[in-house]
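Residue-level structure breakdown
Here are the chains, one letter per residue:
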Amino acid sequence: MDPKLHIIISSTRPGRVGPAVGRWFHELARRHGGFDAELVDLIDFHLPLYDEAVHPRMQQYEHEHTRRWSASVDAADAFVFVMPEYNYSPPPALVNALAYVTREWHYKPAGFVGYGAGFSGGLRAVQAARLHVTTL
Ligand SMILES: Cc1cc2nc3c(=O)[nH]c(=O)nc-3n(C[C@H](O)[C@H](O)[C@H](O)COP(=O)(O)O)c2cc1C
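Residues numbered from 1 in each chain as written. Predicted model: local features only at pLDDT ≥ 70, side-chain atom pairs only at ≥ 80, totals over all residues.

The subject of this paragraph is the sheet that holds strand S1 (residues 4–9). With parallel pairing, four strands are arranged side by side in an open sheet as S2-S1-S3-S4. Since the sheet does not close on itself, it has two edges, and those belong to strand S2 (36–41) and strand S4 (110–115), each with one partner. With direction set aside, neighbouring strand axes in the sheet form an average angle of 20°. Relative to S2, S1 runs parallel, the two sharing six bridges. Considered in S2, the bridge of Leu5 is made with Ala37. Each of S1, S2, strand S3 (78–84) and S4 touches helix H1 (residues 18–32); the most contacted strand, S1, lies at about 160° to it. (Pairing = 2+ DSSP bridges. Helix = DSSP H or I, 4+ residues; strand = E, 2+ residues; numbered from the N terminus. Axes fitted to C-alpha atoms, helices over the stretch in contact; angles between N-to-C directions. Contact = placed C-beta atoms within 7 Å.)

See the structure below:
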């Protein structure tokens, strides 16, 4: 059985280009053939600003949106974050989604597909996101 790769579209604003970039990378991953690659769109999880009372390492989730997100992250063996740069940083929806769960991310490899309006191609946002992801 191939490892399950979740390609996570991390921008949520109206008119975003994230889904086009995500579909492009999903096709590359499919052609690679070494993964069971699935496109996951953060927008489908309707995560509000982080609203759980108990630290996520306890996995005592109060809200259905957290349980759905937890099940999705838990199901993956590896991740690729498809992410733009906003103010030299990751998009706020991604920072929020990363914080919602903890153990579900543990010991799973992750990569990034960064993009932006400038010549850096999202480089600074990816550098900042690496700090979040390696902490998890
Ligand atoms: C609030 C905001 C801040 C941005 N800051 C940067 C930036 O620091 N560097 C950059 O290269 N592009 C920046 N951009 C441009 C975005 O990276 C570009 O519009 C990209 O398409 C956004 O991804 P999305 O369409 O999936 O939301 C910014 C865009 C927004 C909306």
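Additional details are given in the paragraphs that follow.
The residue Ser70 is located in helix H2 (residues 64–75) in this model. Setting aside anything within four residues of it in sequence, one finds Ser70 in contact with Tyr61, Val101 and Glu104.

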